[in-house]
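Structure at a glance
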Amino acid sequence: MSNDMLIQHHLKRLRLPTIGKQYQKLAQEASRENRTYEDFLLSLIEAEAAQREENTRKRLIAQARFPYIRTLDQFDFSTIPSVNKAMVLELAKGDYLAKNENIVLIGNMGTGKTHTAVALGLLACQSGRRVRFYTATGLINELLEAQDQHTLGKRLTQLAKVDLLIVDEVGFVPFSPEGARLLFQTFSERYLKGSLLITSNLEFSRWLEVFGDERLTGALLDRLTHHCHVLEFNGDSYRFKESLREREEVR
């Protein structure tokens with residue numbers, strides 16, 4: 001067996017695929033540039049580490065199950081002047097995650113709340129954080145199904161391990177009493193343990209309309225708004241403006 005085959009065999013067993021793909025190329029470069037053995041070894045290790053970090057980012061993004069991929073660079077803040085751009089950019093740094101703080105985005109439909117939520121979630125993934133995206137209805141349906149299958153405790157434990165739980169569209173549809181209770185339980189178990197990012201078309205004073213229970217709603221808001229960043233998205237539909245702009249460009 002040749003040296004190359006032995007090297008590939010051992011690297012495969014050690015699970016170092018990037019070194020296996022690049023060691024010959026990097027060895028030639030090191031020889032050509034008369035670099036030391038230590039420099040050559042460092043370049044191999046850096047290549048493997050960089051690829052592993054990239055693989056981790058891709059895995060975290062896939063596991064987050066975003067409805068689409070959007071970045072803050074793609075958001076036109078000038079179309080929604082009410083949005084506190086400075087706060088959004090500060091949140092993009094991710095410090096809120098280390099402090100287990102929450103974010104609530106409130107405003108009319110089509111003003112960029114989901115776009116911003118996805119963008120912040122994407123940044124969290126890129127920094128190595130575990131993120132999970134749901135619509136409020138989708139999360140409640142999953143919790144109800146888990147309850148019926150007697151796996152609710154397991155599901156809640158899995159959700160508690162997520163660094164950032166994004167729940168989109170709270171307020172679009174009223175919840176059933178049991179659905180509201182399960183959502184409250186999910187949010188409560190994250191209190192001071194993990195971050196929540198919620199988008200809603202309703203201001204807090206109207207959340208009773210969807211949760212239905214005054215005491216439950218009050219307890220939820222107490223926990224949610226403790227250590228919370230609230231951003232208002234008021235104005236005309238961002239999607240509508242984009243549609244008009246695209247239509248004008250076609251003409």
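Here is what the cut-offs are and how they apply
- Residues numbered from 1 in each chain as written.
- Predicted model: local features only at pLDDT ≥ 70, side-chain atom pairs only at ≥ 80, totals over all residues.
- Heavy atoms only, no water.
- Pairing = 2+ DSSP bridges.
- Helix = DSSP H or I, 4+ residues; strand = E, 2+ residues; numbered from the N terminus.
- Axes fitted to C-alpha atoms, helices over the stretch in contact; angles between N-to-C directions.
- Contact = heavy atoms within 4.5 Å.
- Buried < 20%, exposed > 50% of the residue type's maximum accessible area, 1.4 Å probe, protein only.
- Polar contact = N/O pair within 3.5 Å; in protein donor to acceptor, adjacent residues only side chain to side chain.
- Expected span 1.5 Å × (residues − 1).
- Salt bridge = Lys/Arg side-chain N within 4 Å of Asp/Glu carboxyl O.
- pLDDT = per-residue confidence, 0-100.
- Parallel < 35°, antiparallel > 145°, perpendicular 65-115°, else oblique.
- Left-handed = near helix turned anticlockwise from the far one by under 90°.
- Nonpolar A, V, L, I, M, F, W, Y, C, P; charged D, E, K, R; others polar.

Quick notes on the sheet that holds strand E5 (residues 228–233)
Sheets are built from strands that pair by backbone hydrogen bonding, the pairs being arranged parallel or antiparallel. An order of E2-E3-E4-E1-E5 is seen for the five strands of this open sheet, with the pairing classed as parallel. Two strands lie at the open edges of the sheet, namely strand E2 (131–135) and E5, each paired on one side alone. The sheet shows a mean angle of 10° between the axes of neighbouring strands, taken without regard to direction. As paired strands, strand E1 (residues 102–107) and E5 are joined by six bridges and run parallel to one another. In the strand pairing of E5, asparagine 102 is matched with cysteine 228. Sitting on the sheet, helix H6 (residues 113–126) is in contact with E1, E2, strand E3 (164–170), strand E4 (195–200) and E5, with an inclination near 160° to E1.

Brief notes about the environment of serine 205
Secondary-structure assignment places serine 205 in the loop between E4 and helix H10 (208–211). Relative accessible area serves as the criterion here: at 59%, serine 205 is assigned to the exposed category. Polar contacts involving the side chain of serine 205 include one to the side chain of glutamate 203, which spans 3.0 Å.

A few points about the pairing of E1
Among the six residues in E1, six count as buried, and that is most of the element. Burial of the side chains of E1 extends over both faces: Asn102, Val104 and Ile106 are buried on one face and Ile103, Leu105 and Gly107 on the other. Pairing of E1 with E4 involves four bridges; the strand directions are parallel. For isoleucine 106, the partnering residue across the bridge sits in E4 and is serine 200.

Description of the environment of threonine 186
Positionally, threonine 186 belongs in helix H9 (residues 177–189). By relative accessible area, threonine 186 is classed as buried at 2%. Sequence spacing of threonine 186 and leucine 139 is 47 residues, and the spatial spacing of their C-alpha atoms is 9.6 Å. Among all residues touching threonine 186, those that are not within four sequence positions of it are Leu143, Leu156, Leu159 and Leu165.

Some remarks on the side chain of arginine 190
As for its position among the elements, arginine 190 is in the loop between H9 and E4. Among all residues touching arginine 190, those that are not within four sequence positions of it are Leu159, Ala160, Val162, Asp163, Leu164, Leu165, Ser195 and Leu196.

A closer look at H6
With 14 residues, H6 extends 20 Å between its outermost C-alpha atoms, agreeing within 8% with the 20 Å of an ideal straight helix rising 1.5 Å per residue. Restricting attention to buried positions, one finds in H6 the residues Lys113, Thr114, His115, Thr116, Ala117, Val118, Ala119, Leu120, Gly121, Leu122, Ala124 and Cys125. Where H6 terminates, the next one or two residues include glycine 128, which has phi positive at roughly 90°.

Concerning the pattern of salt bridges
Tallied over the full model, the rule gives eight salt bridges. For the salt bridge of arginine 35 with glutamate 33, the shortest nitrogen-to-oxygen distance reads 4.0 Å. Residue glutamate 178 is joined to arginine 181 by a salt bridge in which the shortest nitrogen-to-oxygen separation is 2.5 Å. Of this pair, glutamate 178 and arginine 181 both sit in helix H9, three residues apart, which is roughly one turn of that helix. Using a relative accessible area of 29% as the deciding quantity, one classes glutamate 178 as partly exposed.

Let's talk about the confidence of the model for the chain
Mean pLDDT over the chain: 88, with 92% of residues reaching 70 or higher. Mean pLDDT values for the elements of the chain range from 47 in helix H12 (residues 238–250) up to 98 in E2.

Things to note about the packing of H9 against helix H11 (residues 214–225)
Each pair of packed helices gets described by two things: the angle between the helix axes and the distance between those axes. The geometry of H9 relative to H11 is characterised by a closest axis approach of 10 Å and an angle of 25° between their N-to-C directions. Regarding the angle of H9 to H11, the classification is roughly parallel. Crossing angle aside, the handedness with which H9 passes H11 is left-handed. Between H9 and H11, the residues in contact are Ala180, Arg181, Phe184, Phe187 and Ser188 and Leu216, Ala219, Leu220 and Arg223, respectively. When the residues that make up the contact of H9 with H11 are grouped by side-chain class, the tally is six nonpolar, one polar and two charged.

Re unusual backbone geometry
If you check the backbone angles, asparagine 100 has positive phi at about 55° while not being a glycine. In the Ramachandran plot, leucine 192 falls in the positive-phi region, its phi being about 65° despite a non-glycine side chain. One can find leucine 192 in the loop between H9 and E4. Among the residues examined, leucine 192 registers a relative accessible area of 45% and is labelled partly exposed.

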